[in-house]
Amino acid sequence: MRVRRIKIGIRRPEESLEEAKAIARRVQAGEQLPEREEELYFSDLATLRKTLSPKRLSLLWAIAEHEPRSVRALAERVGRDIKNVSQDLSFLSRLGLVELKEKRRGVPVAPVLPYDEIDLNLRIRL
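Novice: I'm lost on the overall build of the chain in this one. Help?
Specialist: In terms of helices and strands, the chain carries five helices and five strands. For 126 residues, the compact-globule estimate of 2.2 N^0.38 gives 14 Å, and the chain exceeds it by more than 25% at 17 Å. In terms of principal-axis extent, the alpha carbons of the chain reach across some 50 × 35 × 25 Å. Burial analysis of the chain (126 residues in total) assigns 27% to the buried set. Across the chain, contacts joining residues at least 24 apart in sequence account for 62% of those joining residues at least 6 apart. Total accessible area on the chain stands at roughly 9,500 Å², and carbon and sulfur atoms take up 50% of it. Within the chain, one finds 26 positive and 20 negative side-chain charges whose respective centroids are separated by 4 Å.

Rendered as structure tokens:
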């Protein structure tokens, strides 16, 4: 079974721009690009910490451990208001860290993790 992994880290915007340009040049040259890991980068540590706050990380852990069948069940599990949990899940979903299964005839939305691992990468030297 293949482990699904996302790499999260800090990268200066100019680094991301240079990488995108290099990839574009390779594509224009007709090169076959290797399959890449999923990646999510932030411009600084403060933004990463705000985005992956302790409350949001606790949601990820609770989803992984308990596989709740609904947002309400997850909110009860973590002891938080359903509205706040729903907002955090919506945000994490936009980042691609959580998937929300569609409602089906009254069945609540179930949060699911698309990854088995989150690899946090902090480069301290350039």
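Novice: Please explain a nonpolar patch on the surface as it appears in this structure.
Specialist: A grouping of Leu-45, Leu-120 and Leu-122 is seen on the molecular surface, where their side chains present a nonpolar patch of about 280 Å² in accessible area. Residue position: Leu-45 is located in helix 2 (residues 45-51). With relative accessibility at 43%, the residue Leu-45 sits in the partly exposed group.

Novice: How should I be thinking about the pattern of salt bridges in this particular structure?
Specialist: Applying the stated criterion across every chain yields a total of five salt bridges. Among the ionic pairs, Asp-88 bridges to Arg-80, the shortest N-O distance being 2.7 Å. Using a relative accessible area of 9% as the deciding quantity, one classes Asp-88 as buried. The class for Arg-80 is buried, based on a relative accessible area of 18%. Several salt bridges converge on common partners, so that one network encompasses Arg-56, Arg-80 and Asp-88.

Rules used throughout
Residues numbered from 1 in each chain as written. Predicted model: local features only at pLDDT ≥ 70, side-chain atom pairs only at ≥ 80, totals over all residues. Heavy atoms only, no water. Helix = DSSP H or I, 4+ residues; strand = E, 2+ residues; numbered from the N terminus. Rg over C-alpha atoms; globule rule 2.2 N^0.38 Å. Buried < 20%, exposed > 50% of the residue type's maximum accessible area, 1.4 Å probe, protein only. Contact = heavy atoms within 4.5 Å. Areas by Shrake-Rupley, 256 points an atom, 1.4 Å probe, with all protein chains shown as cover. Lys, Arg positive; Asp, Glu negative; His and termini not counted. Charge placed at Lys NZ, Arg CZ, Asp CG, Glu CD. Patch = residues over 30% accessible without salt bridge, like charges linked within 9 Å, V, L, I, M, F, W, Y side chains within 5 Å. Salt bridge = Lys/Arg side-chain N within 4 Å of Asp/Glu carboxyl O.

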